[in-house]
Amino acid sequence: MNYKYNVRCNSLFIFAFVQKLSVHLITKEKDMFDDTIVIFISDNGGSLTAVNRTVVHPTGSSNYPLRGDKGTLWEAGSRVPAFISGRNVPKGKTIDAMVHITDIYPTLMNYLDLDTDYLSHDMDGSDQSKLLQMESEETAHEYFIYDIDPVYEQAAIRYGKWKLILGAPATNEVNGRYQPLKKDQTTYEDAGLPLGEYVKKAYGLIGSYKKSLQSAAMCQSVDCFYPEGTTGKVKLYDLSVDEYEFNDQATEHPDIVRQLLAILDEEMKEMIPPVNLLDQGVEAASPNHFNGTWMPWMADDSP
């Protein structure tokens, strides 16, 4: 099947599914709307490209004017729009506070007056029901972690208006701000993104990543990531005035840098080592063995 046609079919399928959901499942005629809360959210920013075998195609995604791409520590990698509708949810209101996808579970548990006594105090998500009920404009988060990656030695944290990035923000070197393709542009190379170098870098990273996913001691501190020091390895942005990440302020605010690195350091100490280690049989789970599908691959009685 033509790849561009396939992408379009997938998009139309999603649209048809959403339409069916909204028309047939939660309409007032079905008497389900008042007992239903609908949340639309993405797990990450849009990917500019997709690889079909060894050929790279534009997906039609654009995170403009945010910087970066899916899989990067730039805002385009994780900042997405979302909406919620349903039972007692105020209509026509906009929330601009810091909310994370892990907040959905504890927020709904509290919002629906369900028993929350058994919820773990160590869970990543926070109860944002006051935001949902418009009782507050402040997030329940003191800070949150974008990512801590012991393989690529990169991490990022948001604390209030400040965002700190440690290491390379984009291991695939997609660091720009990319507008949607115009009618006369068929690839992102036409729009200024050198896909040839992008693919070469991506496949090189896959190779190094596989080599790194062998059983070994895992770095669990900033000093272990960068024993020679973090000078030149840190970026700091004030997202309250610079959400498109133009102005690195790390040198102007060394106290903030030290504070956020200290938080990262504490979080890294609690990290659980990766379990997707290639020398522990994970290669057997590759979708290449199952017609391109992720699925269970171990026997039911496996430990």
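Residues numbered from 1 in each chain as written. Predicted model: local features only at pLDDT ≥ 70, side-chain atom pairs only at ≥ 80, totals over all residues. Heavy atoms only, no water.

Undergrad: How should I be thinking about the confidence of the model for the chain in this particular structure?
TA: Predicted coordinates in areas of low pLDDT are best not read in detail. Within the chain, residue pLDDT values average 75, and 62% of them lie at 70 or more. pLDDT under 50 marks residues 1-5. Its contacts with residues more than four places away, or in other chains, come to five contacts. (pLDDT = per-residue confidence, 0-100. Contact = heavy atoms within 4.5 Å.)

Undergrad: Where do I start with the side chain of E75 in this structure?
TA: Here E75 shows up in the loop between β3 (55-58) and β4 (83-86). The class for E75 is buried, based on a relative accessible area of 2%. Of note is the side chain of E75, whose polar atom sits 2.7 Å from the side chain of Y146. Contacts of E75, omitting those with residues within four sequence positions, involve L66, R67, Y146, K163, L239, E243 and E245. (Helix = DSSP H or I, 4+ residues; strand = E, 2+ residues; numbered from the N terminus. Buried < 20%, exposed > 50% of the residue type's maximum accessible area, 1.4 Å probe, protein only. Polar contact = N/O pair within 3.5 Å; in protein donor to acceptor, adjacent residues only side chain to side chain.)

Undergrad: It is not clear to me how the environment of Y237 should be interpreted in this structure. Could you clarify?
TA: By secondary structure assignment, the location of Y237 is in strand β8 (residues 234-238). In this structure Y237 comes out as buried when scored by relative accessible area, which is 2%. Sequence separation between Y237 and D248 is eleven residues; the distance between their C-alpha atoms is 5.5 Å. Setting aside chain neighbours within four positions, we find Y237 in contact with R67, W74, K161, W162, K163, I165, D242, E245, F246, N247 and D248.

Undergrad: How should the sheet that holds strand β5 (residues 143-149) be read in this particular structure?
TA: Think of a sheet as strands paired side by side through backbone hydrogen bonds, with each pair either parallel or antiparallel. An order of β5-β6-β7-β8 is seen for the four strands of this open sheet, with the pairing classed as antiparallel. The open sheet is flanked by β5 and β8, the only strands paired with a single partner. Here the strands of the sheet are splayed against their neighbours by 10 degrees on average, with no regard to which way each runs. Contacts from helix α6 (residues 254-269) reach β5, β6 (154-159), β7 (162-166) and β8 within the one sheet, and its direction differs from that of β6 by about 115 degrees. (Pairing = 2+ DSSP bridges. Axes fitted to C-alpha atoms, helices over the stretch in contact; angles between N-to-C directions.)

Undergrad: Help me understand the nonpolar core, please; the structure alone is not making it clear to me.
TA: One broad trend across soluble globular proteins is that nonpolar side chains are buried collectively. Grouped together as the largest cluster of nonpolar side chains are 21 residues, with contacts concentrated most on L164, L166, L236, L260, L261 and L264. Elements represented by at least two residues in this core include exactly β6, β7, α5 (222-225), β8 and α6. Ranked by the residues each element gives to this core, the list is headed by α6, at seven residues. Beyond its immediate chain neighbours, meaning those up to four positions away, L166 contacts E153, Q154, A155, V222, F225, Y226, T230, K233, V234 and L261. (Core = buried A, V, L, I, M, F, W, Y, C linked by side-chain atoms within 4.5 Å.)

Undergrad: I would appreciate a short explanation of helix α2 (residues 104-111) in the present structure.
TA: One turn of an α-helix holds 3.6 residues; hence residues three or four places apart share an orientation. Buried residues of α2: P106, T107, M109 and Y111, and no others. On the buried face of α2, the contacting elements are β1 (37-40) and α3 (129-132). D113 lies just past α2 and shows a positive phi near 55 degrees.

Undergrad: Whenever I open this one, the pairing of β5 confuses me. Can you help?
TA: Side-chain direction in a regular strand flips from residue to residue, so the side chains alternate between the two faces of the sheet. Relative to β6, β5 runs antiparallel, the two sharing six bridges. Counted as the bridge partner of D149 is Q154 from β6. Counted along the chain from β5 to the antiparallel partner β6, the turn is four residues long, and its residue E153 has a positive phi close to 55 degrees.

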